[in-house]
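# Notes for the structure review
So the chains spell out like this:
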Amino acid sequence: MHILISNDDGYLAPGLLALVKAIRPLGKITVIAPEQNHSGASNSLTLSRPLSIHRVAGGERDGFIFINGTPTDCVHVAMTGFLEEKPDLVVSGINQGENMGEDVLYSGTVAAAVEGVMFGVPGIAFSQIDRGWARIDDAAKAAHDIVAQMIAKPLSKEEGNATLLNVNIPNRPYADLNRWRVTRLGNRHHSQPVVVQQNPRNEPIYWIGAAGDAKDSSSGTDFHAIDDGCISITPMQLDLTHHARLAAMRANGWDRG
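The rules behind the values
- Residue positions are counted from 1 within each chain, in the order its sequence is given.
- Given that this is a predicted model, residues contribute local features only at a pLDDT of at least 70 and side-chain atom pairs are listed and counted only at 80 or more, while totals for whole chains, interfaces and linings are drawn from all residues.
- Hydrogens and water molecules were not included; the side-chain quantities draw on all heavy atoms of the structure.
- One bridge is not enough; two strands pair if DSSP finds at least two bridges between them.
- Here a helix means four or more residues in a row that DSSP labels H or I, a strand means two or more in a row labelled E, and each is numbered from the N terminus.
- Throughout, an axis means a line fitted to C-alpha atoms (over the contacting stretch in the case of helices), and angles, computed between N-to-C directions, take values from 0 to 180 degrees.
- If an angle is under 35 degrees, it is roughly parallel; if it is over 145, roughly antiparallel; if it lies from 65 to 115, roughly perpendicular; otherwise it is oblique.
- Each crossing gets its hand from how the near helix is turned against the far one by less than a right angle, where anticlockwise is left-handed and clockwise is right-handed.
- Should any heavy atoms of two residues lie within 4.5 Å, those residues are counted as being in contact.
- Under this grouping Gly is polar, as are all residues other than the nonpolar Ala, Val, Leu, Ile, Met, Phe, Trp, Tyr, Cys and Pro and the charged Asp, Glu, Lys and Arg.
- Each residue gets one of three labels from its accessible area relative to the maximum for its type: buried under 20%, exposed over 50%, partly exposed in between, using a 1.4 Å probe on protein chains only.
- Two N or O atoms count as a polar contact when they lie within 3.5 Å, although within protein this holds only if one can serve as hydrogen donor and the other as acceptor, and sequence-adjacent residues are included solely when both atoms are side-chain atoms.

A word on the sheet that holds strand S6 (residues 123-128). Overall, mixed pairing links the 9 strands, which are arranged S3-S4-S2-S1-S5-S6-S7-S13-S8 in an open sheet. Looking along the sheet, the strands with just one partner apiece sit at the ends: strand S3 (53-55) and strand S8 (180-182). Strand-to-strand twist across the sheet, computed as the mean angle between neighbouring axes with direction ignored, equals 20°. Across 5 bridges, the pairing between strand S7 (residues 164-169) and strand S13 (residues 231-236) is antiparallel. Residue valine 167 lies in a different strand from S13, and its bridge partner there is isoleucine 233.

Quick look at the structure:
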């Protein structure tokens, strides 16, 4: 079992190191992560400049590979020539902060797992609910258990699509992380307004506002599972087609070809 590990917080992030240590017993590990934090990078590729690849020598991150690009760059480069053979699994994280509901559309953590799936390799994205890395080793142990479950009982491909899981883990002791729920994505209220400040030249500058609070946190959602102290595991897919609307549009004469 060859596992490729990436993240979006950068190769120096405590969540990445904890994840690597936890799942190293499960197979051959290759770490390819961004040089710097790329939270919110989503599925962006770097196309305007070449990428540089470096390998850490010595210390507890010995052998880690880092790229001056995005999480998607890291997995894409790995899949398209840097590695001699494709890995069997892509694991991303552990992210500092939750990725629930619409967060998955912006998340670099999720994007790294998505990129593996686009190349036919199953992907799992791990995030810890609260920022600050509290209980990160406990979260990593829980991530180990989920990866081990994936290896022991792999989910079959549906219509040729590899499995994609989005996992959110509460900041709790490991003994409290034995309750897993398979969930759907909830959704949030609109984001908070932008924060307007002045630069030294008295020109306005804008910071993106905080994510909105949960709007749909009903039973079965990732928000509900987390509120109950459970790990949330959401199976996702890449097909964004609104199939019901597709049929309705055809029935209403939108097809003219």
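Bringing the packing of helix H1 (residues 14-23) against helix H5 (residues 136-152) into the picture now. Two elements in contact, H1 and H5, have axes whose closest approach is 8 Å; the angle formed by their N-to-C orientations is 45°. If you check the angle between H1 and H5, you find them oblique. For the pair H1 and H5, the sense of crossing is right-handed. Here H1 contributes Pro14, Gly15, Ala18, Leu19, Ala22 and Ile23 to the contact with H5, which in turn contributes Ile136, Asp137, Ala140, Lys141, Ala143, His144 and Val147. Grouping the constituent residues of the contact of H1 with H5 by class yields 9 nonpolar, 2 polar and 2 charged.

Considering the arrangement of structural elements, one finds aspartate 88 in the loop between helix H2 (71-82) and strand S5 (89-96). On the basis of relative accessible area, aspartate 88 is assigned to the partly exposed category, the value being 40%. The spatial distance from the C-alpha of aspartate 88 to the C-alpha of isoleucine 151 is 9.6 Å, given a sequence separation of 63 residues. The contacts of aspartate 88, once residues within four sequence positions are left out, are Met1, His2, Val121 and Pro122. Engagement of the side chain of aspartate 88 in a polar contact is seen with the backbone nitrogen of histidine 2, the distance being 2.7 Å.

Summarising the element assignment, aspartate 103 is placed in helix H3 (residues 103-106). Sequence-distant contacts of aspartate 103, defined by excluding residues within four places in its chain, comprise Glu98, Arg188 and Ala211.

Now for H1. In terms of burial, H1 is a largely internal element, 8 of the 10 residues being buried. Buried within H1 are the following residues: Gly15, Leu16, Leu17, Ala18, Leu19, Val20, Ala22 and Ile23. Check the buried side of H1 and you find it contacts strand S1 (2-6), strand S2 (28-34), S5, S6 and H5.

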